[in-house]
Amino acid sequence: MSKEKLAIDGGTPVISGGIPGGMHGPSVIDQQEIDAVTEVLKSRKLFRFCEDSQVAAFEKEAAELLGVKHTLMVNSGTSALICALTGVGVGPGDEVIVPGYTYISTAAAVVGVGAVPVIAEIDESLGLDPVDVEKKITPYTKAMILVYMQGVPGRIDALVEIARKHNLKIVEDCCQCIGGRYRGRFVGTIGNAGAWSLNYYKVITAGEGGLVFTDEYEVYERSAFASDPAMPMWIRDAGWESEPFSRQCYRPSEMMGAMARIQLSKMPDILGHTRKLKRTFLNELVEPKGYRLQHVDDPDGDCGISAAIIVNDRELAQRYAQALKAEGLGAGTAYNDGFPDRHIYCYWDSILDKNSPHPSGYPWKDPAYKGNVEYTRDMCPRTLAILGRALRFGFNVNMNEEHAHRMAAAINKVDAVLGGS
Ligand SMILES: *Cc1c(COP(=O)(O)O)cnc(C)c1O
């Protein structure tokens, strides 16, 4: 690759006019969502346990799409995780392994069911590092939560193998990976239960919302009880198999169900577009000199909503970020001293400080908990090192293929000059 003068040194920027941003789901809202929600309002049937329920229809359509037996719509991704964890039997005394790179909700959901989160390293997949997961297993470990950040499924095969070996449950946090697949199957259908979030920032949205899904009836039934203490009252003829228990209420409204149905029908088009953009981007990149691409086990299943390059060292990564910015491509390292990505464990103060809503110190000081997990802000040095060298780029429905070309061209140009240094 011939070296062109970088924009940061006074050359011509590769990208003029910027790269369009915007959220996925909200960007595709049109008359269909407006009509669907308006219909619900006109019908005055806002409660999910009504005739011709929109929520029930969404659950059915999602189950068909995912090829999964049971689906349960709830009011957020966090609630979906809480229900899934309750569903697989996690509770006081248990430890659950979570990656050091995820939205704090993943760890908070563990606390929410009275269990203790154990934070493990990520690797260059930017998901759980199987080697570190195995080191973090104790006699108290009950489950692990696999998280697929920004649409990229992690090292699922290796993690499933470890779970099998140690008899652990798997909950898949697919909140950022709706529609992602792994070796032909939708993510979330590989472990014991999967969770989607339908909040504003996700692939599809109902403003807020979530979905729990599983092939195991018992997990579904326990999730259902966990989502609404009156569940056996609302659905009397469901043929419940076990004793109901009382928990919180995470019930969604019919407006959410109606909107989620329309957005679900648009998901294939959204991901068709982002996958095309990412393919164009990857095809355009030349052999890198100063970085490696994020490891992706199964590129065909990637949602295509993001790409990450992992630069050879931290200082160089910062120079890449500055040079790319001058070329018109905004990018920061995920972990830095300026405006870091809050999805990194070292910013989860309420977890790291073991803040409890109760003087008992629950769940860390729960009498049922016999372990002794300790947290420090530098406890996952590899996670911090990788994220300190990782530059992330997003693809969205407002971009076209020319934007993806230009993004790759900017990276090629910067790498040609800085990559050898
Ligand atoms: C968004 C998100 C959640 C939680 O979703 P909410 O709907 O905001 O509760 C959980 N995990 C991950 C990885 C997320 O990105």
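Trainee: How should the sheet that holds strand β3 (residues 116-120) be read in this particular structure?
Mentor: The strands making up a sheet associate through hydrogen bonds between their backbones, and the pairing can be parallel or antiparallel. In spatial order, the strands read β1-β9-β8-β5-β4-β2-β3; together these seven strands make up an open sheet with mixed pairing. A strand with exactly one partner marks an edge of an open sheet, and here the two such strands are β1 (70-74) and β3. Sheet twist, expressed as the average angle between the axes of neighbouring strands with direction ignored, equals 20 degrees. Pairing of strand β5 (residues 169-173) with strand β8 (residues 193-197) involves three bridges; the strand directions are parallel. Note that in β8 the partner of V171 across the bridge is A193. Against the sheet, helix α4 (residues 77-87) makes contact with β1, β2 (95-99), β4 (141-147), β5, β8 and β9 (210-214), and its axis sits at roughly 170 degrees relative to β8, the strand it touches most. Relative to β4, helix α7 (residues 156-166) is tilted by about 175 degrees, and along the sheet it contacts β4 and β5.

Trainee: Would you mind going over the packing of aromatic side chains with me for this structure?
Mentor: Pairs of aromatic rings are described using the distance from one ring centre to the other and the angle between the two planes. The final tally for this structure, using the stated rule, is twelve aromatic pairs. A centroid spacing of 6.0 Å and a plane angle of 15 degrees characterise the contact between F49 and W234, whose relative ring orientation is stacked. Placement of F49 in the loop between α2 (31-43) and α3 (54-66) and of W234 in helix α9 (residues 231-234) is noted, with a sequence separation of 185 residues between them. For the pair F225 and W240, a centre-to-centre distance of 5.1 Å together with 50 degrees between the ring planes defines the contact as tilted. Taken together, the residues F225 in helix α8 (residues 217-227) and W240 in the loop between α9 and α10 (254-284) connect sequence positions 15 residues apart. Linked through ring pairs, F47, F49 and W234 together constitute an aromatic cluster. Over the face of the ring belonging to F186 we find R181, whose NZ or CZ atom lies 5.9 Å from the ring centre. We note R342 situated over the ring of Y347; from NZ or CZ to the ring centre the distance is 4.6 Å.

What counts and what doesn't
Residues numbered from 1 in each chain as written. Predicted model: local features only at pLDDT ≥ 70, side-chain atom pairs only at ≥ 80, totals over all residues. Heavy atoms only, no water. Pairing = 2+ DSSP bridges. Helix = DSSP H or I, 4+ residues; strand = E, 2+ residues; numbered from the N terminus. Axes fitted to C-alpha atoms, helices over the stretch in contact; angles between N-to-C directions. Contact = heavy atoms within 4.5 Å. Phe/Tyr/Trp six-rings, centres within 6.5 Å; stacked < 30°, edge-to-face > 60°. Lys NZ or Arg CZ within 6 Å of the ring centre and 35° of its normal.

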